[in-house]
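So you can see what is in the structure, the chains are spelled out below.
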Amino acid sequence: MKRILVTGAVGQIGSELTMALRERYGADNVVAAGNRTKPSDKLRDSGPFEFVDCTKIEKLQEVVKKYGVGTIYHLGAILSAVAEAKPQLAWDVNINGLYQVLEVAREQPCAVFTPSSIGAFGPTTPLDNTPQDTIQRPNTMYGVTKVAGELLCDYYHKRFGVDTRGLRYPGIISYETLPGGGTTDYAVEIYYKAIEENHYTCFLRAGTYLDMMYMPDALDAAVQLMEADPATLKHRNAFNVTAMSFEPEQIAAEIRKHFPSFTMDYNVDPVRQGIAETWPNKMDDTCARKEWGWNPKYNLKTMTQDMIEKLTLKLKGA
Ligand code: SER
């Protein structure tokens, strides 16, 4: 088979997606690519690993040719809070990186999966039951790069016939690798702090609703979309997908069912609060459900149970 390349393979989603793809398609068929961060032993030793800076096309071309890559899961990106601190870097990585990936995919050719995000929406978007096709005027650099990325992927499909596909991911919750500087990170941190300190200081305000998803569903969504019959896809590059919507008090209440004396207070970060307020409270993901059968397995209750179980073992070093 043609091999798969995962960029951003050392990141929160990439580290788990690489292992899931290796399990599904064979370890040697999935090349993990990181930029600077050292990979875990598990990632490096379970299959091919390369260092690739996606903004440099030569190395990308070399790796794609060397392994006979036919599909690229392009996960290398800068998240929202870091993008606000370093907007020039975010533009370079999120836009130029994607552009080089699409160029390589056009030449070779390769199919390309690119995640978009709830960050592709903005203050003028309807924030409740956010439709698939709606106003997208984000006021963050992250959002600007995500909207441009969606459009660029659509263009490469229409103009060059590249098989581009993508999802608008919500906040992704997982215990394997920490997220790298996003607005939804609180919903990951809270589990670590609940287990380690029985207390969490939340950087988003009570009542801030955001869409979220547990990692196993995020991985299934990517694979399912890439395996979908293209004839059924009308939207291709920016499917709304969500599994749950909650605000900080609700996740804290769920955690309290496991740790009854768990406490939470607030120290609101104005930057991330400002970002969160421009993002949907809850997206409508009907198109993903209809066009390729999206159907998440985890809700807040089942995710919390699994997170606490798995993270407790991890933090004990088991
Ligand atoms: N989790 C991302 C972030 O907070 C959203 O796509 O930046």
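Each remark here, short or long, concerns the structure printed above.
Conventions we followed
- Residues numbered from 1 in each chain as written.
- Predicted model: local features only at pLDDT ≥ 70, side-chain atom pairs only at ≥ 80, totals over all residues.
- Heavy atoms only, no water.
- Helix = DSSP H or I, 4+ residues; strand = E, 2+ residues; numbered from the N terminus.
- Rg over C-alpha atoms; globule rule 2.2 N^0.38 Å.
- Contact = heavy atoms within 4.5 Å.
- Areas by Shrake-Rupley, 256 points an atom, 1.4 Å probe, with all protein chains shown as cover.
- Buried < 20%, exposed > 50% of the residue type's maximum accessible area, 1.4 Å probe, protein only.
- Lys, Arg positive; Asp, Glu negative; His and termini not counted.
- Salt bridge = Lys/Arg side-chain N within 4 Å of Asp/Glu carboxyl O.
- Arc of directions from axis to C-beta.

Things to note about the overall build of the chain
Link 1 in the chain: Helix and strand counts for the chain come out as 12 helices and 14 strands.
Link 2 in the chain: The C-alpha atoms of the chain give 19 Å as radius of gyration, which agrees with the globular expectation for 318 residues (20 Å, within 12%).
Link 3 in the chain: Taken along the three principal axes of its C-alpha coordinates, the chain extends 55 × 45 × 35 Å.
Link 4 in the chain: Of the contacts made within the chain by residues no fewer than 6 positions apart, 78% connect residues no fewer than 24 positions apart.
Link 5 in the chain: Accessible area for the chain stands at about 13400 Å²; split by element, carbon and sulfur atoms hold 51% of it.

Side note on the side chain of E247
Link 1 in the chain: You can see E247 is positioned in the loop between β12 (244–246) and α9 (248–256).
Link 2 in the chain: Although E247 lies buried, it forms no salt bridge, and the closest oppositely charged side chain, R256, sits 9.7 Å away as judged by the N-O distance.
Link 3 in the chain: Among residues more than four places away in sequence, those in contact with E247 are Y186, A206, G207, T208 and Y209.

Description of helix α3 (residues 57–67)
Link 1 in the chain: Here α3 has its buried residues at I57, L60, V63, V64 and Y67. The arc enclosing the buried residues of α3, seen along the axis, measures out at 135 degrees, which places them on a common side. For α3, exposure combined with an orientation more than 90 degrees from the buried face picks out E58, K65 and K66.
Link 2 in the chain: On the buried face of α3, the contacting elements are β1 (3–7), β2 (30–34), β3 (49–51), β4 (69–74) and α5 (87–107).

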